[in-house]
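Residue strings, one per chain:
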Amino acid sequence: MTAATAPDVLAQWDRSVRAHPGAPALVAPRRVWTYEAADRLTDAWAGSLAGRGAGPGRLVGLAFPDPARTVLGMVAALKAGAGFTVLDDRLPAAARAALVRRTDAAVCLGDGGHAPDGAYVPVDLDAVRPPVRHRPDDPAYVLFTSGSTGEPKGTVVERDALGRFAAGVAERLELTSGDRWLQVASLGFDVVIEEVFPALAVGAAVVCRADTRALDAEELHTTMARTRTTVVELSTQYWLEYARWLTTADLTTPPELRTVVVGGERMDPAPYRAWQARQPAALAHVYGLTECTVSSAFYTGLLPEGAEEVPLGTPLRDVEISVRQDGHPVPDGETGEIHIGGPLLARGFLGDEAATARRFVPDPSASVPGARVYVTGDLGRIDADGHLVFLGRVDDQVKIRGHRLEPARVERALCENPEVDQAVVFPDPETGTALWAFTVPADPRRAPLPGTAVRPATDERDALVRPLARALPEWAVPRVHYRVAVLPKNPHGKIDKRLLAAWAADADRTAPAGGAGPCPTGATPVPTDEPLATVLTAFREVLGAPGLGPDDDFFAHGGQSLLAMRLLARLRDSFPAAEGLRASALFASPTPRLTAAALDERKSART
């Protein structure tokens, strides 16, 4: 495909409408939109948006509480010639308000509780698409990623890149009009683009949840079976949780499910190989960045027996991947920094020319004048089979449950507390799914002995967490905190995170039972009254904290959304009253005693 023949994303939509007018475009729990019906509705919405100032070069904010109407809003914004941005309902209010100001949206669609003033839902309109002339380089969408300056970076992706991306993914995954892709990603996460537009480009159906709450492993499985899902994309940790649940339940993937796309974090070969030996659904390992239009490379083969890494695969059509040192390509097999080029690159960062110039750089090796490459900050190599292999990061950026995070952003926020002099944040060494924070107190008299770490008291920890929870998404808030006298350095002058982790392990082994940390050697006896006894045992097993007490906080001991899913699955096995509980319930009842009381209340309400 040449630049001249690249399909506009709306041309792909129109082709699907003509070819499959009566086929489902969106499948939601309470309604199915055919391509014909969705086309009429989005035409009407587009006309309303254009009448309110939406058009080429402008953005439409989307703030619906349900994924299906969010997808319809995306199509309507593109039909109006505008781009779209999604206001994630999981973001704290202050963070959402800041994004609204930065995007300067011409108009907002939506009726969710997170919708800004002036947002609306068009009704009773003629289904006439506005006559709009858009260009390939007009913005298609803006999505935000973590920034090291304390402000998320808005990535501007153009229409041409979106159309090429949709066609490339559909080709690589061999999507057809008979496919059904289940939408599970957070609506503010760039993976939603991959869940939606490749499917719509070929006349397939996007299967939507009733709301934006995360599905636990059992809910994911039953939803895929009920909706006859054929393709789903999961973050690495989410997929591991689902694989663990399938093994425990002695089940295999639903019969219609043919492909599970997995990515976002480094993949261990052992579970990947175990899945391929047991599960009927194939795996597609994916690699990409928001700045390069979601995904750039896919690996869809069987993992060789001796492989020490799961490859990231080969580039999509229209994507150029190279491994470089000092800006120049290195021979295959050598390690260097991964660079991505080609027409799928984003325009740059919204309102930040300096950051754009640092990461989107001229390509000295290109034969096309003006060509750029994106400097990913990821280390890699090209293996003997031509596959890209991920080897780590050049900088301190980390990934938490598929989301990129600059720890410096969180560290600065912690240091805004006058009680904190220094802070360092990094993922827990065992699972990499939760953030740990180590702080040095401003008052030296509050520091523990050198070479040790202590868990702060609950009120101190809450004072550190509260302002972060108001400004950061849930996954970016450190839930496990330690106070230390100094941040130790290794021989290279960097903070020694391994030594800090060892101090933390010592602190958890010696903490008094019922205190801030678990205590395997002096565990609080399990109470005999039910349901508390069973609930406490489940908390301890899931958190790996045998000393956890009945009043200890799940999140203060490393709990996060994926572990919450695992905990609730355990509770459902023991208590009928736990059926229907979602992971968010633990925010209201974060201790074993409160959870047990909540289960008692649900049981009483059912009798």
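Summarised in this report is the structure supplied together with it. (Residues numbered from 1 in each chain as written. Predicted model: local features only at pLDDT ≥ 70, side-chain atom pairs only at ≥ 80, totals over all residues. Heavy atoms only, no water.)

### A word on the packing of helix α1 (residues 9-19) against helix α6 (residues 191-201)
Phase 1 of the analysis: The contact between α1 and α6 brings their axes to 8 Å, and the two run at 55°. By the criterion of interaxial angle, the relationship of α1 to α6 is oblique. Within the contact between the two elements, α1 uses V9, Q12, W13, R15 and S16 and α6 uses F197, L200 and A201.
Phase 2 of the analysis: The class makeup of the residues in the contact of α1 with α6 is 5 nonpolar, 2 polar and 1 charged. (Axes fitted to C-alpha atoms, helices over the stretch in contact; angles between N-to-C directions. Helix = DSSP H or I, 4+ residues; strand = E, 2+ residues; numbered from the N terminus. Parallel < 35°, antiparallel > 145°, perpendicular 65-115°, else oblique. Contact = heavy atoms within 4.5 Å. Nonpolar A, V, L, I, M, F, W, Y, C, P; charged D, E, K, R; others polar.)

### Examining helix α17 (residues 592-606)
Phase 1 of the analysis: The end-to-end C-alpha separation of α17 is 21 Å, in line with the 21 Å expected for 15 residues at 1.5 Å each.
Phase 2 of the analysis: Considered for burial, the residues of α17 that qualify are P592, T595, A596 and L599. Buried residues along α17 cover an arc of 100° about the axis, so they all sit on one side. For α17, the exposed residues set more than 90 degrees away from the buried face come down to E601, S604 and A605. (Expected span 1.5 Å × (residues − 1). Buried < 20%, exposed > 50% of the residue type's maximum accessible area, 1.4 Å probe, protein only. Arc of directions from axis to C-beta.)

### Here we look at the side chain of H339
Phase 1 of the analysis: Its place among the elements puts H339 in strand β17 (residues 336-341).
Phase 2 of the analysis: A distance of 2.9 Å separates the side chain of H339 from the backbone oxygen of E337, its partner in a polar contact. (Polar contact = N/O pair within 3.5 Å; in protein donor to acceptor, adjacent residues only side chain to side chain.)

### Topic: the nonpolar core
Phase 1 of the analysis: Counting residues in hydrophobic clusters, the biggest one holds 84 residues, and the most contacted among them are L49, V60, F84, Y141, I193, F197 and I340.
Phase 2 of the analysis: Look past the residues within four positions of I193 in its chain and what remains in contact with it is F84, Y141, L143, L162, F165, P198 and V294.
Phase 3 of the analysis: If you look at the next biggest cluster of nonpolar residues, it comprises 52 residues, including V207, M224, Y242 and V262. (Core = buried A, V, L, I, M, F, W, Y, C linked by side-chain atoms within 4.5 Å.)

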